[in-house]
Structures are given as C-alpha cells and as structure tokens.
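# Working through the structure, step by step
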Amino acid sequence: VDAAFVGVEDEKLLYHTFGIFQEDAAIPQQTILQLWRHLRPDVDEFDLRETLTALVDLALVERNSDDGTITLHDLLHSYTHEKLGDRVVQTHQDLLDSYGVAQWHNLPPDEPYLWRNIAYHLLAIKHSDKLRALLLDFDWIQAKLDATDANALLADFDGLNASDEPLRLVKSALSISAHVLVDQGKAQLPAQLAGRLLGHRDTQPDIAPLLDRVTTADHHPALLPHLPTLTQAGGPLLRTIPLPGVCSALALTDDGAHMVVAVRNRVQVFELATGEVLTDFTAHSEPVSAVAVQGDIAVSGDGSVSGGPGTVKVWRWATGEVLTEFAAHTSSVHAVAIQGDLVVSGDGAYAKPGMVKVWRWTDGQLLIDFDQHTARVNAVAIQGDLVFSAAGKTVKVWHWKDGAMLTNFIDHAGNVNTVAVQGEIVVFGSSDRTVKVWRWQDEGALVANFALHASSVKAVAVQGDIVASASLDGTVKVWNWRNKTLVTDFAEHASQVWTVAVVGDRIISGSVDHTVKVWRYRGQASAISLAIHSHYVSAVAVKGELVVSGDGKGNKPGMVKVWGWNDGVLITDFRQQLDWVGALAVQDDIVIFRNRATVKVWRWRDGVLITDFRQHSNLVLSVAIQGE
C-alpha cells in the first residue's frame, strides 16, 4: 500500500482517514470530501475528488456502482486505522467539527451519514457525556427520528451504561412506542414520550427537562397526556410488533434473534431486536395454524376453515426457499413439530378423529400413521423416539418407531390445546383454564397444577423452571413449576392471547389484537389475579400464606373461599345458607364471618361449622377473633 503513495505524502495522509469509519461501513462520498476539505482547506474540491477517484482506480477503496458510497476491505481498514496512530481521536473530532453546527439537532435533514453514526464517533473520542445529553434532549430525539427511524435512534443507546436509569427509561419509552411511530407517524413522538415517562418525573429529575420541552416544542398539533396514561417505560414490555392479522402460531429460531409468525395464509419472519420483516413466506393457499423451527429450517402446516385436506411445507426461514411439501393429510393440519430429519404433524376436524403422521422432510417418506385419537389433534411434540400428542381431553405418549403407547393422560376437564416437553417434564394447557405439569416417566405423576387463568389456555412454553402460559383471558402468566409460584402476570394485550414462546428472560406473545409483544419477565413485581368469585368480593383476611375471601350481591347466596396467595390455588370454600358475607377474620384453621345478623365460626380444614351465633338483632358490621 505504501508503494502507491511514493512522492504523494499528502494523499497518503488523506487515505489514512478512512481508519476512523466503522468496519464494513458504506461511506457517502460527500462525507469523505467534507472531512478532507476540513483537513486541507488549501486544496481545490476538484483535486480532492481526483484523489478519491485515484484511490478507487488503485483498488485501495471500492465505489458502489448503485449509490456511489465507498467501502474498504477489512485488511485495508485495519491498515488505515493503524497508520492513523495517535491521530485517531483528533480525526474523529475533525469529522464532527467539519459539520460546523452549534446544535446537533440542526443538522440538515438529508445529511446522509452523521444522523446514523454520530453516536459511534462521540464514543470514539470518549464523549459519552455528550451522547447522553443528546439522548435526553427532546429536540435531538425528534430531529433524529424525523431524519432516520426508531431503530436507528434506539441503537444510539447501546454504547452507554445500561444501568443509567434515565437513559434506560427513555430508551424503553421509545422502544415500546416504535410501532406507533411507524403506524401513526413520527408526529406521535411527543404524546408517546409524555404518556410513558410522566410516571417517572418525580423520581428521575434528569428526564424532567425532556418532558418540559415536549410541552413547549414547535411540533405538529397533538393531544399530550397530562397523566401517565400509557404503558409506563421501564416495565416488562420491550417492544410491540404489529401484524397484518391474528397471530395463529409462533416459533423462535434457535438463536432467539428471530421469530416465525403465522398470520392467515402467510408466515412472516421478524427480527426481534428491530421488529423488521426478514422473510414473507406466501406459499400457503390456506390459513396456517402451526409452525415449528429447527436450525435454518421452518415447518408450517395449513388447512381450510371447513376442515379439508391440509399441507405441511418445509422451507428455509431466512430465504423462503421451499424444500419439501407434504400433502398426505386428509384434514386440516393443526400441529407440527420437528426433530432432525423427522416432522410430526397432527390433523383433524371437529366432526372426526385426528391422525398423527411422522415423516422425513428430506424425502417426504411417511414413517408411521398414529390413529389412536378420537378427536382433533391440537398439539404435538417430539423428544427422542417419543411423540406427545394432544386430542380432546387426552394426551398420549407413544413411540414413533412402532406406535406403541407408553402413557395416556386423561386428567383434564376440558380439551388439551397445547403441549410442551422438556426432559421428563411435560406441560399441558387446556380449555378447563388449567396448566398442568407432569412427569411422563412416572406413569403421569402430577407435579404442579396452576389454575389462575380466567379462560381457556391456548399455548404453553417451558424453559428450565419456568412455564409461560397464554390464555383467551388476554393474559400471559409465567410460573415456576418447581416451587409452584407465579412469577409474573402480563396483561398488556388488548385481546385473547393465542401463542407464546420463551427465550432467556424474554417472553414473546401473539394475540388476536394483531400484535406480537416482546417483554421481560425477570425482576418484575408480580400480582395474582384470581377470578374465583362470581359476586362482589366484600371481605378479605390474610393468615400466613392463606387468603380468606367472601362475596355476595343483593339477595344472591354468598361464598367464603380459602386459597394460597403465593400460587392462587383454591383450597376450599364454604357455601352453606349464606347471604352477603360482610366481614371476616381468620385464626389458625378457624374462620369467623358475618352473615347479616349472624356470625358463623367455621373450621376450614375439614369444612365443619362449629358455631352459628344468632344473638344480634341487627346487621353485624365487623368481627374479630382472639383465642376462644
């Protein structure tokens, strides 16, 4: 390289300035020329352009024929950076100085380079304090958003201290607002920031100037919240990804960086970090109801609404290339799973039993037809030589090589909608609103039974000790199945939740509200919402891990229920000739409660009514107990 610059030392020094740009960066020619003009004001613009052309001719840089941007080979980038030596920091500063603006938000809107790269150059010269100030400045945030997009803005936070609470909150507010800024326009930024940050104003004074500026900035007419009415920044929600319809199936890639989502008769692959579509797979002609992923392979199954024949397609999720199409099902396909070169697919219609087929996707050969179910197959999973298939109220465990049955789980009051397997643990979610965890090797030994959902459970996922369950009640609940506790309760969806997946500390949930939400479950406060009363809850008392609650409404019979607050499991209830339960107290295994003009004493462990005290002549308002 040095030989190319014999006798032209000045041009060599200009070439070395390429070392300040990021590796593999596509650099606009005007950015390079602007830096060179700043460094060499004595050189004519024409001569600087000739120098750049000469570098292209010498193959020391490459010029893109489409947009004219300049790139360097990795080795040449390393060379130029090394040759800059102790001039690296000053050259970064020279580039910033070449723009000649007093306030960075006054950069020209069409500036092609610095809007997206200023954070990199500020960090390179150890000016993280200046970058922090920009990211807490509403004028900069709005200007950068107008010039680029939400993902470019969010990327600027990555090089700063993740534990900086004001920055974390602003980044969170932008991330959970990103879909609004895309769908409804960038002019929504002031309202989104105000609605999501106002709840933190008193505890985080560093964001107060930003919020003050939101209300005074010269932006489009907007309705600005005066109260923290939107989902607050800093909570479990990380991002909302809009969909073109209802999310009927969802799976994550092995690296957790992409999700495969079925919406009607198309399957889209999204980047989780940005919410951008990587692949739009439209090879299905019928609605897709099941997807699975392994490595670079995706499997998707479809079927008509009327239950007609369904097909399964195997394809590369990064490109959409179809590898295999399996059309041996006589009913709609509702479930798929993949392991190695094997695919398990289950079908069925509401009026006829379903079939489970195991076949090789590499050549489409059918290996076994399993016909032991009497209802539509809703879910399948494969682990080793075992298949787990759910149909109706049963889950069967069987060997796919010969169809021999190992275990048949039948302990469900409603249809089993979903199955997840992890080692010896199998998790079921059903229409009876429960999530059950079993050890399939112990002839179906029940490990945990969670019954906090208010409606049918549509999907479950398991990772380590964690089970996530999605329900038609619009919530996703995260459980620890070993200690039988609720970890968190996520209720940010506007409608039924049909799909769920878990990766690390993140949950991805898809809903009828036409969105997928990405959220974090660890470290968040949790609350149990137990929908077990049919009337107004009029009294509660707590003793240790027990909660006693009473209800009533007008002349309707009331009930007293005893349940565990740590897991929400109902232990017992008392409903003998009760009116409105207006007050109660608990001591050990004794519950005392008011029932209009009477006071009842009840032993909750065995349900025995000990005393019915009727000596009051009017309504009893309160009760207490101590000893006898």
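Heads up: these notes are all about the structure in this document. (Residues numbered from 1 in each chain as written. Predicted model: local features only at pLDDT ≥ 70, side-chain atom pairs only at ≥ 80, totals over all residues. Heavy atoms only, no water.)

### What to know about the sheet that holds strand 13 (residues 342–347)
Two strands in a sheet stick together by hydrogen bonds in their backbones, pointing the same way (parallel) or opposite ways (antiparallel). Judged by pairing direction, the sheet is antiparallel, and its four strands sit side by side in the order 12-13-14-15 without closing on themselves. Whereas interior strands pair on both sides, the edge strands pair on one side only; in this sheet they are strand 12 (333–339) and strand 15 (366–370). Each strand of the sheet is rotated relative to its neighbour by a mean of 15°, with strand direction disregarded. The pairing of strand 12 with strand 13 spans six bridges and is antiparallel. In the strand pairing of strand 13, Val 333 is matched with Asp 347. (Pairing = 2+ DSSP bridges. Helix = DSSP H or I, 4+ residues; strand = E, 2+ residues; numbered from the N terminus. Axes fitted to C-alpha atoms, helices over the stretch in contact; angles between N-to-C directions.)

### Quick word on unusual backbone geometry
With a phi close to 65°, Ala 59 is a non-glycine residue in the positive phi region. By secondary structure assignment, the location of Ala 59 is in the loop between helix 3 (45–57) and strand 1 (62–63). On the basis of relative accessible area, Ala 59 is assigned to the exposed category, the value being 55%. (Buried < 20%, exposed > 50% of the residue type's maximum accessible area, 1.4 Å probe, protein only.)

### Side note on the packing of helix 8 (residues 138–147) against helix 11 (residues 189–197)
Two packed helices can be described by the angle between their axes and the distance between those axes. The N-to-C vectors of helix 8 and helix 11 enclose an angle of 135°; their axes lie 11 Å apart at closest approach. Considering their axes alone, helix 8 and helix 11 lie oblique with respect to each other. For the pair helix 8 and helix 11, the crossing hand works out as right-handed. Counted together, Phe 138, Ile 141, Gln 142 and Leu 145 of helix 8 and Leu 189, Pro 190 and Leu 193 of helix 11 form the full contact between these two elements. Grouping the amino acids of the contact of helix 8 with helix 11 by side-chain chemistry returns six nonpolar, one polar and no charged. (Parallel < 35°, antiparallel > 145°, perpendicular 65-115°, else oblique. Left-handed = near helix turned anticlockwise from the far one by under 90°. Contact = heavy atoms within 4.5 Å. Nonpolar A, V, L, I, M, F, W, Y, C, P; charged D, E, K, R; others polar.)

### Some thoughts on helix 10 (residues 165–183)
The end-to-end C-alpha separation of helix 10 is 28 Å, in line with the 27 Å expected for 19 residues at 1.5 Å each. The sharpest bend along helix 10 comes to roughly 50°, located at Ser 177. With 14 of 19 residues buried, helix 10 is to be regarded as a mostly interior element. (Expected span 1.5 Å × (residues − 1). Bend = angle between axes of the 7 residues up to and from the residue.)

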